[in-house]
Amino acid sequence: MEDSEMTVEDYRKILETDPDNAEVKKELADRLSDEDRLDEAIEEYRSLICLTPDDPCAHFGLGDAYYKKGMVKEAIAETLEAISLRPGWPYYHNRMGKLLEAAGDLDGAITQYTMALELKPDFGDPADSLERLTGKQGRSRR
């Protein structure tokens, strides 16, 4: 559904006539988050989760909005939920590494970055983070 020309107002107009359209709700929440309208984004992601509680992307998006707002504890909880709903997704583990690092849990962060690399060996971001945290070369990128 993503349309780079659509505005927040366009998405809201669609939702006036189709309030349970999860795809539009997700696009609206993502757009609000991208525009740093974080309170609104959080509200939309929560509403989306009510519609689609088993959608890992909705939980990840909510976690991302919390993270941007500095709510690390809440971001960790939502990212853990996303991981439980979609195990083995390297991007979720990478984000969890960033969250744990922000929370001061460097061992946990290293574990998550390592998991991300095991799942996607050519993933540069966790490799760089591991190198920075351990002072060692991360896994070689293929």
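Our structure is the block above this text.
We now turn to the structure provided with this report. Here the structure is a predicted model, which is why all the values come from computation and not from measurement.

As enumerated under the stated definition, the model contains four aromatic pairs in all. Taking the centre distance of 4.6 Å and the plane angle of 20 degrees together, the rings of F60 and Y92 count as stacked. Of this pair, F60 sits in helix 4 (residues 56-68) while Y92 is found in helix 6 (residues 90-102), placing the two residues 32 residues apart along the sequence. Classification of F60 by relative accessible area gives buried; the value is 19%. A relative accessible area of 3% means that Y92 is categorised as buried. These aromatic residues form a ring-pair network of at least three members: F60, W89, Y91, Y92 and F123. The lysine or arginine in question, R86, covers the ring of W89, its NZ or CZ lying 3.6 Å from the ring centre.

Glancing now at the side chain of D64. Mapping D64 onto the fold places it in helix 4. In contact with D64, not counting residues within four places along its chain, are S33 and R95.

Here we take up the side chain of T79. For T79, the position within the fold is in helix 5 (residues 72-85). Not counting residues within four places of it along the chain, the set of residues in contact with T79 comprises G63, Y92, R95, M96 and L99.

A word on the nonpolar core. Among the nonpolar cores identified, the biggest contains 33 residues, and L28, Y45 and L62 are the most heavily contacted of them. At the level of secondary structure, the elements contributing two or more residues to this core comprise helix 1 (8-17), helix 2 (22-34), helix 3 (38-51), helix 4, helix 5, helix 6, helix 7 (106-119) and helix 8 (124-134). Apart from residues lying up to four places away in sequence, L62 is in contact with I42, Y45, R46, I49 and E78.

Rules used throughout
- Residues numbered from 1 in each chain as written.
- Predicted model: local features only at pLDDT ≥ 70, side-chain atom pairs only at ≥ 80, totals over all residues.
- Heavy atoms only, no water.
- Phe/Tyr/Trp six-rings, centres within 6.5 Å; stacked < 30°, edge-to-face > 60°.
- Helix = DSSP H or I, 4+ residues; strand = E, 2+ residues; numbered from the N terminus.
- Buried < 20%, exposed > 50% of the residue type's maximum accessible area, 1.4 Å probe, protein only.
- Lys NZ or Arg CZ within 6 Å of the ring centre and 35° of its normal.
- Contact = heavy atoms within 4.5 Å.
- Core = buried A, V, L, I, M, F, W, Y, C linked by side-chain atoms within 4.5 Å.

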